[in-house]
Amino acid sequence: MQPHIQVQNLKVTYSGQAALKDVSVEIPKGQITAIMGPSGCGKTTLLKSMNRLLELSDEVKITGRVLIDGFDIYDPAVDATEVRKKTGLLAQRPFPLPMSIRDNVAYGLKLHRMKQGKEIDRAVQHYLEMAGLWDEVKDRLKSPAARLSIGQQQRLCLARGLAVEPEIILGDEPTSALDPISAQHIEARLHELKEKYTVVLVTHTLRQARRLADYVIFMYLGEVVEAGIAREVFAHPQEARTKEFIEGAIG
């Protein structure tokens with residue numbers, strides 16, 4: 001297993017309350033890793049530590065290290081904007097920008113001066129195709145993104161994130177607000193994208209982790225209880241609390 005992300009002795013507190021307690025775990029490159037566990041166990045906090053979004057709260061205190069490609073993203077010399085560009089985030093609910101479908105995808109390209117002129121239009125088509133949305137919107141690219149269905153908005157947000165060429169896709173329960181058909185679309189895209197990206201997914205359902213994950217991390221009360229190859233953890237959990245969670249006794 002080649003690690004892409006290494007979390008080392010990470011501790012996170014909110015207003016003095018521990019959210020993560022000395023977490024150390026490695027996340028493999030080019031696979032889908034599912035972070036699972038009961039509500040409030042620290043899953044989203046761990047995910048957001050990987051793109052430095054935790055820093056946006058004044059009440060948070062972070063110690064420890066998070067390495068991506070061997071570089072500590074919390075090193076003072078590291079630009080948080082570059083970290084977030086490398087780690088695209090799909091939130092629980094989509095947040096399209098208040099502009100057209102085309103301009104949503106083009107936004108990051110223009111902001112980072114990655115493309116110009118007709119290159120932008122070609123890139124917009126490419127990333128909408130990657131997100132499985134192009135055929136549904138190609139005739140209305142100038143329409144407001146807000147007119148899309150919530151499932152289409154989530155795929156648009158995926159296209160917008162892919163457009164800035166990240167290495168890692170982070171998903172914070174990205175299908176929890178979607179209908180079953182829209183959720184299937186997102187799951188299918190994530191399954192395809194692991195060929196090119198490392199995907200880390202917080203999931204609220206064991207069924208989704210079983211469907212998608214190559215690797216799983218089980219968390220409980222701010223700690224990593226168990227991590228390993230998904231099929232092995234589901235078939236033969238090594239820790240009692242993992243077994244109880246898989247069997248539905250806790251969660």
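Structure first, text after, so check above.
Residues numbered from 1 in each chain as written. Predicted model: local features only at pLDDT ≥ 70, side-chain atom pairs only at ≥ 80, totals over all residues. Heavy atoms only, no water.

Asks: So what exactly am I meant to see when it comes to the overall build of the chain here?
Replies: What the chain contains, in helices and strands, is 10 helices and 10 strands. When its C-alpha atoms are laid out on the principal axes, the chain stretches across 55 × 40 × 35 Å. Expressed as a percentage of the 251 residues in the chain, the buried residues total 48%. For the chain, contacts bridging at least 24 residues in sequence account for 67% of all contacts bridging at least 6. Accessible surface, the chain as shown: approximately 12,300 Å² in total, 47% of it carbon and sulfur. Averaging the positions of the 33 positive and the 32 negative side-chain charges in the chain gives two centres separated by 5 Å. (Helix = DSSP H or I, 4+ residues; strand = E, 2+ residues; numbered from the N terminus. Buried < 20%, exposed > 50% of the residue type's maximum accessible area, 1.4 Å probe, protein only. Contact = heavy atoms within 4.5 Å. Areas by Shrake-Rupley, 256 points an atom, 1.4 Å probe, with all protein chains shown as cover. Lys, Arg positive; Asp, Glu negative; His and termini not counted. Charge placed at Lys NZ, Arg CZ, Asp CG, Glu CD.)

Asks: Would you mind going over the sheet that holds strand S4 (residues 60–68) with me for this structure?
Replies: Hydrogen bonds between backbone atoms are what pair the strands of a sheet, whose relative direction is either parallel or antiparallel. Read across the sheet, 4 strands follow the order S2-S1-S4-S5 without closing on themselves; strand pairing throughout is antiparallel. In the strand order of this sheet, the two ends are held by strand S2 (17–28) and strand S5 (71–72), each with one partner. The pairing of strand S1 (residues 3–14) with S2 spans 8 bridges and is classified as antiparallel. Across the sheet, residue Leu 10 finds its bridge partner in S2, namely Val 23. (Pairing = 2+ DSSP bridges.)

Asks: Hey, could you run me through the nonpolar core in this one?
Replies: Inside soluble globular proteins, nonpolar side chains tend to come together where they are buried. Core analysis: the biggest nonpolar cluster contains 35 residues, and Val 105, Tyr 127, Leu 128, Leu 156 and Leu 162 have the highest contact counts within it. Residue assignment for this core shows that the elements contributing at least two residues are helix H3 (101–111), helix H4 (118–130), helix H5 (134–137), helix H6 (150–162), helix H7 (180–193) and strand S8 (198–202). With 6 residues, H4 is the single largest residue contributor to this core. Once residues lying within four places of it in the same chain are set aside, the contact partners of Val 105 are Val 124, Tyr 127, Leu 128, Leu 156, Ala 159, Arg 160 and Ala 163. By size, the runner-up hydrophobic cluster in this structure holds 27 residues, among which are Val 7, Leu 10, Leu 20 and Ile 35. (Core = buried A, V, L, I, M, F, W, Y, C linked by side-chain atoms within 4.5 Å.)

Asks: Help me understand the sheet that holds strand S9 (residues 215–220), please; the structure alone is not making it clear to me.
Replies: Reading across the sheet, the 6 strands line up as S6-S7-S8-S3-S9-S10 and stay open at both edges, with mixed pairing between neighbours. Each edge of the open sheet is held by one strand with a lone partner, namely strand S6 (87–90) and strand S10 (223–229). For this sheet the average axis-to-axis angle between neighbouring strands, irrespective of direction, equals 15 degrees. (Axes fitted to C-alpha atoms, helices over the stretch in contact; angles between N-to-C directions.)

Asks: Explain the environment of Thr 203 to me, please; I cannot follow it from the model alone.
Replies: Counting through the fold element by element, Thr 203 comes out in the loop between S8 and helix H8 (206–212). For the pair Thr 203 and Ala 34, spaced 169 residues apart in sequence, the C-alpha separation works out to 6.5 Å. Excluding residues that lie within four positions of it along the chain, Thr 203 makes contacts with Ala 34, Ile 35, Met 36, Lys 43, Glu 173, Gln 208 and Ala 209. One polar contact links the side chain of Thr 203 to the main-chain carbonyl oxygen of Thr 205, over a distance of 3.2 Å. Side chain to side chain, Thr 203 and Gln 208 meet in a polar contact 2.7 Å long. (Polar contact = N/O pair within 3.5 Å; in protein donor to acceptor, adjacent residues only side chain to side chain.)

Asks: Would you mind going over the packing of H4 against H6 with me for this structure?
Replies: The relative placement of two packed helices is expressed as an angle between their axes plus a distance between the axes. Where H4 meets H6, the axes come as close as 8 Å, and the angle between the chain directions of the two elements is 125 degrees. Put simply, H4 runs oblique to H6. Between H4 and H6 the crossing geometry is right-handed. Judged by residue contacts, Tyr 127, Leu 128 and Met 130 of H4 engage Leu 156, Ala 159 and Leu 162 from H6. Here the residues of the contact of H4 with H6 sort into 6 nonpolar, no polar and no charged. (Parallel < 35°, antiparallel > 145°, perpendicular 65-115°, else oblique. Left-handed = near helix turned anticlockwise from the far one by under 90°. Nonpolar A, V, L, I, M, F, W, Y, C, P; charged D, E, K, R; others polar.)

Asks: Looking at this structure, I do not really get the packing of H6 against H7. What am I missing?
Replies: Running from N to C, H6 and H7 cross one another at 20 degrees; their axes reach a closest spacing of 8 Å. Between H6 and H7, the angle is such that the two are roughly parallel. Here H6 and H7 pass one another in a crossing that is right-handed. Note on element contacts: H7 touches H6 through Ser 182, His 185, Ile 186, Arg 189 and Leu 193, opposite Gly 151, Gln 154, Arg 155, Leu 158 and Leu 162. A per-class count over the contact of H6 with H7 returns 4 nonpolar, 4 polar and 2 charged.

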